[in-house]
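Per-entry structural report
The chain contents come next:
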Amino acid sequence: MTDAADRTEVTGDCDASRWSRAEAFLRARGTAEVPHPGGTLLAHLGRVRRLLADWGNSPAVQAAGLCHAAYGTDGFDQYLLPVAERATLAEAIGDRAEALVYLYASCDRGVVYPRIGRDRPVVFRDRFTGREHTPAEADLRAFLLITVANELDVLAHNEELAERYGPYLYRLFAGAGDLLSAPARDACARQLGRHAAFPDH
């Protein structure tokens, strides 16, 4: 994956100054050199943002999707900056987008995922602090959309992971129901529907 390809994936055609600042932050943190399914981490992050844009999400949600790996995640240990430097990311992408990045990164998936589709409201556990809290519904929806965009892109570029995690993710996202937008639900059905008949691994 060339730098030119990475740049095309990230910048798109919306709010050029926002994406220019975000891309500069990501490149400065070495994402163009980190291998990831589908090429580099930078390319993956750009594709996640593009999916969120295609589904009609706001620039803040798109920016959060673009930078969702900034603090690492429960499934991706590598981080671009520590949570003690949240102000640095907020300066690059805005307070709202940074707050969504933190929500995504801090999610204790083993605790939270089983609650999705079962509990309403969904109580989160922060894996950094151990504290539980209840996000606003708008934040929960954004979290789920970023989650779907991220996982669909990863699985689209790694068939082994698709076979291993597809059934589980199909059920997780189907269980989210109306917390997901119609375009996101349609994307899940198209990409993961083939796993509907199989049990979770």
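Look up: the structure comes first, before these words.
Structure report, in brief. Values in this document were obtained by computation on a predicted structure and should not be read as measured data. Residue positions are counted from 1 within each chain, in the order its sequence is given. The predicted origin of the model limits local features to residues at a pLDDT of at least 70 and limits the giving and counting of side-chain atom pairs to 80 or more, whereas totals for whole chains, interfaces and linings rest on all residues. With hydrogens and water stripped out, all remaining heavy atoms of the structure feed into the side-chain values.

1. Quick word on the packing of helix α8 (residues 137-156) against helix α10 (residues 182-192)
Here α8 crosses α10 at 25 degrees, and the two axes come no closer than 11 Å. Classed by the angle they form, the pair α8 and α10 counts as roughly parallel. Note that α8 runs across α10; the crossing there is left-handed. Counting all contacts with α8, which are made through L145, V148, L152, L155 and A156, the residues of α10 involved are A184, A187, C188, Q191 and L192. A class-by-class count of the residues in the contact of α8 with α10 yields nine nonpolar, one polar and no charged. Here an axis means a line fitted to C-alpha atoms, over the contact stretch when the element is a helix, while the angle between two N-to-C directions is reported on a 0 to 180 degree scale. The way it works is that DSSP assigns letters per residue, a run of H or I at least four long becomes a helix, a run of E at least two long becomes a strand, and they are numbered from the N terminus. Throughout, the term roughly parallel applies to angles under 35 degrees, roughly antiparallel to angles over 145, roughly perpendicular to angles from 65 to 115, and oblique to all others. Crossing chirality is assigned from the near helix's rotation relative to the far helix, an anticlockwise turn below a right angle marking it left-handed and a clockwise turn marking it right-handed. Note on contacts: a residue pair is in contact if any heavy atoms of the two residues lie within 4.5 Å. Think of it as three bins: nonpolar holds Ala, Val, Leu, Ile, Met, Phe, Trp, Tyr, Cys and Pro, charged holds Asp, Glu, Lys and Arg, and polar takes everything else, Gly as well.

2. Description of the nonpolar core
Here, nonpolar core means buried Ala, Val, Leu, Ile, Met, Phe, Trp, Tyr and Cys residues that are tied together by side-chain atoms lying within 4.5 Å of each other. Relative accessible area decides the class of each residue, using a 1.4 Å probe on protein chains only: under 20% of the type maximum gives buried, over 50% gives exposed, and in between gives partly exposed. In this structure, W55, I93, I116 and F143 are the most contacted members of the largest nonpolar core, which totals 60 residues. Those elements giving two or more residues to this core turn out to be α2 (16-28), α3 (41-54), α4 (59-66), α5 (86-93), α6 (95-106), α8, α9 (159-176) and α10. At 11 residues, the largest contribution of residues to this core is made by α8. Those residues within four positions of I116 in sequence are excluded, and the remaining contacts are V122, F143, L144, L172 and A176.

3. A word on the pattern of salt bridges
The term salt bridge refers to a pairing of a side-chain nitrogen on Lys or Arg with a carboxyl oxygen on Asp or Glu at a separation within 4 Å. Enumeration according to the criterion identifies 14 salt bridges in this entry. Where R47 meets D153, a salt bridge forms, and the shortest distance between an N and an O atom there is 2.7 Å. In this pair, R47 sits in helix α3 while D153 sits in helix α8, placing the two residues 106 residues apart along the sequence. With a relative accessible area of 5%, D153 lands in the buried category.

4. Observations concerning α4
Extensive coverage of α4 is indicated by the burial of seven of its eight residues. Turning to α4, its buried residues number three or more, namely A60, V61, Q62, A63, A64, G65 and L66.

5. Describing the environment of G177
Considering the arrangement of structural elements, one finds G177 in the loop between α9 and α10. On the basis of relative accessibility, which here comes to 25%, the residue G177 falls in the partly exposed class.

6. Some thoughts on the packing of aromatic side chains
Two aromatic rings from Phe, Tyr or Trp, using only the six-membered ring of Trp, form a pair when their centres are within 6.5 Å; if the ring planes differ by under 30 degrees the pair is stacked, by over 60 it is edge-to-face, and anything between is tilted. All told, the structure shown has four aromatic pairs when counted by the stated rule. Here Y71 and Y102 contribute two aromatic rings whose centre-to-centre distance is 6.3 Å and whose plane-to-plane angle is 65 degrees, an arrangement assigned as edge-to-face. With Y71 in the loop between α4 and α5 and Y102 in helix α6, this pair connects stretches of sequence that are 31 residues apart. The pair formed by Y71 and Y102 is uniform in burial state, with each residue classed as buried. Consider the rings of F124 and F143, whose centres lie 4.9 Å apart with planes at 80 degrees: the pair is edge-to-face. Of this pair, F124 sits in strand β3 (residues 124-125) while F143 sits in helix α8; the two residues are 19 residues apart in sequence, bridging distant segments of the chain. Given the relative accessible area of 0%, F124 is considered buried. Look at F143 and you get buried, because its relative accessible area is 2%. Put simply, the rings of Y71, Y102 and F128 touch in pairs and so form one group of aromatic residues. Each ring is checked for a lysine NZ or an arginine CZ that lies within 6 Å of its centre and within 35 degrees of its normal; such an atom marks a charge sitting over the ring. Against the face of W19 rests R49, its NZ or CZ located 4.3 Å from the ring centre. For R86, the ring lying beneath its charged end belongs to Y102, and the centroid distance is 4.1 Å.

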